[in-house]
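Each chain, written out:
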Amino acid sequence: MTPILENMAAVLILVASFFLLVGAIGLVRFPDFYMRLHAPTKASTLGVGGVLVASMLVTFSHGRPGIAELLITLFVFVTAPVSANLMAQAALHLKLHSQAPVPRNAVPERR
């Protein structure tokens, strides 16, 4: 394995671990369901994607195509937003209220 690919994989893993850490902190720190849903879906998708791209670089340097990693990456990028959307729709259906303040101009006044 060449040092250039090793460094690229290491940088990708560091960036991915940063996104995963931010998503985990957001999951713990945010107060309600909707905010907790937003943090890990965005950050973990980028984090897992970075780890899988680094894995694709390593397998490519060993002379194997990274087809499995590519398929896992595509699966994560497709299923994470869909599952987050379904959980948000279920929460809306159950009339789960958010603790986020609504801006004054967000909803027009009824006459």
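One numbering rule holds for all chains: residues counted from 1, following each sequence as written. In keeping with the model being predicted, local features are shown solely for residues with a pLDDT of at least 70 and side-chain atom pairs are shown and tallied solely at 80 or more, while totals for entire chains, interfaces and linings include all residues. Note that water and hydrogens are dropped before the side-chain values are worked out from all heavy atoms of the structure.

Moving on to helix 3 (residues 67-93). In DSSP terms, a helix is any run of H or I states spanning at least four residues, a strand is any run of E spanning at least two, and both are numbered starting from the N terminus. Take the number of residues in a helix, subtract one, and multiply by 1.5 Å to get its expected span. Taking 1.5 Å per residue as the helical rise, helix 3 with its 27 residues ought to reach 39 Å, and the 39 Å between its terminal C-alpha atoms agrees with that figure. Summary of the burial criterion: residues with accessible area below 20% of their type's maximum are buried, those above 50% are exposed, and those between are partly exposed, where the area comes from a 1.4 Å probe applied to protein chains only. Along helix 3, the residues that are buried comprise Glu69, Thr73, Ala80, Ala84, Ala88 and Ala91. Any pair of residues with heavy atoms lying within 4.5 Å of one another is described as a contacting pair. Structurally, helix 3 contributes buried residues whose contacts are with helix 2 (33-61).

This paragraph deals with the confidence of the model for the chain. The pLDDT score gives, residue by residue, the confidence of the prediction method on a 0 to 100 scale. Chain-level statistics for the chain give a pLDDT mean of 87 and a share of 97% at 70 or above. Here helix 2 is the element of the chain with the lowest mean pLDDT, 87, and helix 1 (residues 3-29) is the one with the highest, 92.

This part is about the environment of Ser61. Structurally, the position occupied by Ser61 is in helix 2. Its relative accessible area of 23% is what places Ser61 among the partly exposed residues. In sequence terms Ser61 and Phe18 are 43 residues apart; their C-alpha atoms lie 25 Å from each other. A polar side-chain atom of Ser61 sits 2.7 Å from the main-chain carbonyl oxygen of Val58. Side-chain atoms alone can form a polar contact between residues adjacent in sequence; in general such a contact is a pair of N or O atoms within 3.5 Å, and within protein one must be able to donate a hydrogen while the other accepts it.

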